[in-house]
Amino acid sequence: MRKILTILALSALTIGSQAKVRLPHIICDNMVLQQQTDARLWGWAQPGKTVKITTSWNNVVVSAKADKNGKWLAKVKTPKASYDPLTITFDDGEPLTVSNVVAGEVWVCAGQSNMEMPVKGFGMCPVKDYNHWIIESANHTGVRSVKIPSQMRSEPQEDAICEWRVCSPQTVGEFSATGYFFARQLHLALDIPIGLIEANKGGTRVESWLTKENLQKYTNDPTDSVEICKKWSQWDYHRSLLWGNGTFNPILNYTIKGILYYQGCSNVGDPGDQYSERMKLLVQQWRSQFGLGEIPFYFVQIAPWAYDDGNVNGISGALLREQQWKAAQIIPNSSLVCINDLVYPYEFSQIHPTQKQPVGERLAYTALHRDYGFEHVLYRSSSFKDMTIKNDTVFIHLQDNYNADAPFEQMEGFEVAGEDKVFHPAQARHFWQAGGGYWDEAIIVICPEVKKPVAVRYCFKNFQIGNVKNGANLPLFPFRTDHW
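These remarks concern the structure in this document. Since we're looking at a predicted model, the values are computed, not measured.

The rules behind each value
Residues numbered from 1 in each chain as written. Predicted model: local features only at pLDDT ≥ 70, side-chain atom pairs only at ≥ 80, totals over all residues. Heavy atoms only, no water. Helix = DSSP H or I, 4+ residues; strand = E, 2+ residues; numbered from the N terminus. Rg over C-alpha atoms; globule rule 2.2 N^0.38 Å. Buried < 20%, exposed > 50% of the residue type's maximum accessible area, 1.4 Å probe, protein only. Contact = heavy atoms within 4.5 Å. Areas by Shrake-Rupley, 256 points an atom, 1.4 Å probe, with all protein chains shown as cover. Pairing = 2+ DSSP bridges. Axes fitted to C-alpha atoms, helices over the stretch in contact; angles between N-to-C directions. Expected span 1.5 Å × (residues − 1). Parallel < 35°, antiparallel > 145°, perpendicular 65-115°, else oblique. Left-handed = near helix turned anticlockwise from the far one by under 90°. Nonpolar A, V, L, I, M, F, W, Y, C, P; charged D, E, K, R; others polar. Phe/Tyr/Trp six-rings, centres within 6.5 Å; stacked < 30°, edge-to-face > 60°. Lys NZ or Arg CZ within 6 Å of the ring centre and 35° of its normal. Lys, Arg positive; Asp, Glu negative; His and termini not counted. Salt bridge = Lys/Arg side-chain N within 4 Å of Asp/Glu carboxyl O. Polar contact = N/O pair within 3.5 Å; in protein donor to acceptor, adjacent residues only side chain to side chain.

What follows deals with the overall build of the protein. The number of helices and strands found in the protein is 11 helices and 21 strands. Rg of the C-alpha trace for the protein: 26 Å, near the compact-globule value of 23 Å for 484 residues, within the 12% margin. With respect to the three principal axes, the spread of C-alpha positions in the protein is 90 × 50 × 40 Å. For the protein, the proportion of its 484 residues judged to be buried stands at 55%. Across the protein, every contact between residues at least 6 apart in sequence was considered, and the portion connecting residues at least 24 apart equals 71%. Per element, the accessible surface of the protein, about 21,300 Å² overall, is 51% carbon and sulfur.

The following block contains the structure:
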């Protein structure tokens with residue numbers, strides 16, 4: 001025992017003699033700083049000590065004093081994006097330098113497993129064209145990523161063990177596939193460094209990321225860690241609060257451009273407008289926590305899958321997609337990406353579809369148009385606008401169709417119901433006639449079994465793949481005109 005105490009005492013003396021400023025793991029070599037902004041840097045030092053921060057791009061010294069708990073935070077003005085390697089030196093008497101830093105655009109990759117899914121795929125879940133992307137990644141060393149370990153904690157964490165990775169054939173397999181294809185497209189368009197902060201966990205619910213205060217105020221979920229674990233004893237990834245505390249909280253001081261979000265499968269079955277309201281709440285929470293204003297929030301509609309224990313014809317998944325559409329209408333500076341076309345017919349039982357490249361690219365189109373001045377990049381999917389019924393024919397009009405409803409004939413995915421509320425597969429095609437009038441240009445929907453139609457649905461099932469696209473070759477959002 002005496003020997004152990006002696007070793008501990010010596011260790012304490014050694015640590016004390018070598019004490020120097022400590023940084024969170026996310027502030028390290030190879031990091032990407034958000035360009036042309038006041039970027040936050042933070043860490044720990046002895047209480048009362050002053051930490052001097054010197055940046056290589058302007059040699060300006062910024063000082064921050066550690067509080068009584070040893071915490072300090074400072075802001076530095078960052079340069080315009082470039083591939084020039086930068087350094088940052090932190091000095092509280094013993095200097096510590098972070099190297100090979102670059103300035104660029106930084107985005108968070110949040111959500112559940114379809115965001116977490118890496119370029120190398122999951123077991124039994126490959127990413128399409130994997131070998132091609134591994135080889136081609138050598139052209140995108142300007143893309144960098146840091147993965148926050150997916151971990152639960154009862155209290156909000158200020159740090160997590162992680163490191164920034166430079167994209168290469170050796171590293172890209174571990175990057176979020178959706179995140180990488182987003183960053184790759186931005187890198188091609190902007191030719192500047194792109195940084196990804198991956199803070200996500202497969203299977204999580206929207207409530208998994210809410211704070212204790214928001215859970216107590218707006219939900220009936222328990223917030224005591226013991227009770228949380230009891231309630232979700234079988235599926236730990238469904239647990240409220242704990243994932244946000246451990247996996248998301250460590251990044252909240254980082255200065256970012258925006259958030260990408262792909263989640264929803266674990267909230268299928270939620271009643272009413274609960275999901276859309278809690279999505280709005282989560283975005284408000286994250287924007288408040290980052291303290292960067294109304295930063296962009298771009299999210300992905302869940303893909304077709306056989307929810308309801310394998311029932312492809314059920315509608316619980318469709319109802320969740322409808323909630324995501326509603327969320328996009330009530331969350332400022334947000335946009336929803338439709339991926340109803342990005343599954344193969346045989347993937348009805350595969351919760352992780354293989355086509356991740358178009359998912360990331362559609363998110364990138366959104367950011368390029370809305371945030372980077374690419375006005376001619378078309379990013380919106382078409383959506384239902386209104387309908388008119390004339391005898392046995394329904395005339396459907398869409399919005400955001402970029403002057404095209406394609407294909408011209410044999411549109412698939414439409415159903416029609418009469419007053420009996422029974423839906424039947426319908427025939428649909430483009431309609432046009434000369435001479436003026438409301439029906440000049442529309443999609444006409446006809447079903448021989450329904451002589452007096454009252455409602456139309458498009459791909460409003462758990463697993464139904466339509467073929468209607470707009471002038472940007474983007475899929476039509478699933479919709480229903482009824483509220484049955």
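The discussion continues.
Let us look at the sheet that holds strand β15 (residues 393-399). A sheet is described by the order of its strands in space; here 4 strands give the open sequence β14-β15-β19-β18, paired in antiparallel fashion. The strands lining the two open edges of the sheet, one partner per strand, are β14 (383-390) and β18 (427-432). Taking the axes of each pair of neighbouring strands and ignoring which way they run, one obtains an average angle of 30 degrees across the sheet. Judged from the 4 bridges that link them, β15 and strand β19 (residues 441-446) form a sheet pairing that is antiparallel.

Moving on, we come to helix α8 (residues 274-290). Given a rise of 1.5 Å per residue, 17 residues ought to cover 24 Å, and the 24 Å separating the end C-alpha atoms of α8 matches this to within 8%. Restricting attention to buried positions, one finds in α8 the residues Y275, S276, R278, M279, L281, L282, V283, Q285, W286, R287 and F290. Looking one or two places after α8, you find G291, whose phi comes out positive at around 65 degrees.

Turning next to the packing of helix α4 (residues 177-190) against helix α11 (residues 357-371). Orientation of α4 relative to α11, taken along the N-to-C sense of each, is 45 degrees, at an axis distance of 7 Å. As summarised for this structure, α4 and α11 are arranged oblique, according to the angle between their axes. Along this stretch, α4 crosses α11, giving a crossing that reads as right-handed. Residues T178, F181, F182, R184, Q185, L186, A189 and L190 of α4 touch α11, and the partners they reach there are Q357, V359, G360, E361, L363, A364, Y365, A367 and L368. Grouping the amino acids of the contact of α4 with α11 by side-chain chemistry returns 11 nonpolar, 4 polar and 2 charged.

A separate point is the packing of aromatic side chains. All told, the structure shown has 25 aromatic pairs when counted by the stated rule. Look at W107 and F182: their rings are 5.3 Å apart centre to centre, the planes differ by 70 degrees, and that puts the pair in the edge-to-face class. With W107 in strand β7 (residues 95-111) and F182 in helix α4, this residue pair connects regions lying 75 residues apart in the sequence. Taken individually, W107 and F182 each receive the classification buried, so the pair is uniform in this respect. Both rings, one in F423 and one in W484, keep their centres 5.6 Å apart while their planes meet at 50 degrees; by these two values the pair is tilted. Of this pair, F423 sits in strand β17 (residues 423-425) while W484 sits in the segment after β21 (479-480), placing them 61 residues apart in sequence. The class of W484 is partly exposed, set by a relative accessible area of 42%. An aromatic cluster is present here, built from W209, F248, Y261, W286, F290, F297 and F299 joined pairwise through their rings. Taking NZ or CZ as reference, R22 lies 4.1 Å from the ring centre of W44, over its face.

Our next topic: the side chain of R40. Following the sequence through the fold, R40 ends up in strand β2 (residues 38-44). Among buried Asp, Glu, Lys and Arg side chains, R40 stands out as unpaired, with D38 the closest opposite charge at 9.9 Å. A polar atom in the side chain of R40 sits 3.4 Å from the backbone oxygen of L252. A polar side-chain atom of R40 sits 3.5 Å from the main-chain carbonyl oxygen of Y254. Those residues within four positions of R40 in sequence are excluded, and the remaining contacts are L73, A74, K75, L252, N253, Y254, T255, F290, G291 and L292.

What follows is about unusual backbone geometry. Cis geometry is found at the peptide bond from A406 to P407, where omega equals 0 degrees. Looking at the secondary structure, you find P407 in the loop between β15 and β16 (414-417). Even without glycine at this site, N59 takes up a positive phi of about 55 degrees. Positionally, N59 belongs in the loop between β3 (50-55) and β4 (61-65).

Before going further, it helps to spend a moment on the pairing of strand β10 (residues 194-200). β10 sits mainly inside the fold: 7 of its 7 residues count as buried. The sheet contact formed by strand β8 (residues 143-147) and β10 spans 5 bridges and is parallel. Within β10, the residue paired with K147 across the bridge is E198.

None of the figures reported here should be taken as evidence of function without further support.
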